[in-house]
Amino acid sequence: MPKSELALIDLLDAVSECRLCAPHLPHGPRPVLQAAASARLLIIGQAPGAKVHASGIPWDDKSGERLRHWLGVDPDVFYDPARVAIMPMGFCYPGKGVSGDLPPRAECAAQWHGQVLAGLPNVRLTLLIGHHAQRHYLAGYAGTLTDTVLAWRQHLPRFFVLPHPSPRNQAWCMHHPWFEADVVPELRRRVKACLQARPLQRRKP
């Protein structure tokens, strides 16, 4: 196994033992992510919910079902780390707030994101789901989620911006039918092409 792949495995082991935010997590730390050096699609969402915290499986809830529908992929593909990497803005469930879950903790992105990204040299497309991921990764991010998703073409080919697929956003989708009519078909096309692409040429050490 190449040294780069071993390094990523060691890094994921270190992430799984992370206790950086433990004092602030009402349900305790349980980092949830998946990755392999060969992954071609990267999904960056916000943070695990209560159900995902309980199972330890990313997107193991209604939001995940809807996301897989948008992407046009089945669970076998979605949960194959050799093809799909999943790295939320916050790796652990932050707990409940007044109106839904609390925002993802900021410590994860600062401590781990750069290291994980360095171990994913074959990623061809990154999905930025929700305003937390978009605010962090889009240069000059401003405006509403709707404004950002309306301008989805501007962020290609590196990023594809999406609203969060939570059932709480059902009303948003109903009020913006252009998303399912125009954006989702292009999303599926690009995801399919990304997953079928050959791995990028490895650089010789």
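In short, a report on the structure. Remember, it's a predicted structure, so these values are computed and weren't measured experimentally. Here the residue numbers are simple positions, counted from 1 along each chain's written sequence. Restriction of local features to residues with pLDDT of at least 70 applies here, the model being predicted, together with a cutoff of 80 or more for giving and counting side-chain atom pairs; totals for whole chains, interfaces and linings are based on all residues. Calculation of side-chain values draws on the structure's entire complement of heavy atoms; hydrogens and water are dropped beforehand.

**Side note on the packing of helix α1 (residues 3-16) against helix α5 (residues 107-118)**
Packed helix pairs are specified by the crossing angle of their axes together with the interaxial distance, meaning the distance between the axes. For the pair α1 and α5, the least separation of the axes is 10 Å and the interaxial angle reads 160°. Overall, the two elements α1 and α5 adopt an arrangement that is roughly antiparallel. Of the two elements, α1 crosses α5, and the hand of that crossing is left-handed. Counting all contacts with α1, which are made through Leu-11, Ala-14 and Val-15, the residues of α5 involved are Trp-112, Gln-115 and Val-116. Any residue outside Ala, Val, Leu, Ile, Met, Phe, Trp, Tyr, Cys, Pro, Asp, Glu, Lys and Arg is labelled polar, Gly included; the first ten of those are nonpolar and the last four are charged. Here the contact of α1 with α5 is built from residues that sort into five nonpolar, one polar and no charged. Comment: axis = line fitted to C-alpha atoms, over the contacting stretch for helices; angle = value between 0 and 180 degrees taken between N-to-C directions. Strands here are runs of E lasting at least two residues and helices are runs of H or I lasting at least four, both read from the DSSP assignment and numbered beginning at the N terminus. Just so you know how the angles are binned, under 35 degrees is roughly parallel, over 145 roughly antiparallel, 65 to 115 roughly perpendicular, and the rest oblique. When the near helix sits turned anticlockwise from the far one by under a right angle, the crossing is termed left-handed; a clockwise turn instead gives a right-handed crossing. Any two residues whose heavy atoms approach within 4.5 Å at even a single point are treated as in contact.

**So, unusual backbone geometry**
With an omega of 10°, the peptide bond between Leu-156 and Pro-157 qualifies as cis. Checked against the element boundaries, Pro-157 lands in the loop between α7 (145-150) and β6 (159-162). Positive phi values are uncommon outside glycine, yet Trp-59 reaches one of about 55°. The buried label applies to any residue whose accessible area, calculated with a 1.4 Å probe on protein chains only, is under 20% of its type's maximum; exposed applies above 50%, and partly exposed to all values in between. On the basis of relative accessibility, which here comes to 10%, the residue Trp-59 falls in the buried class.

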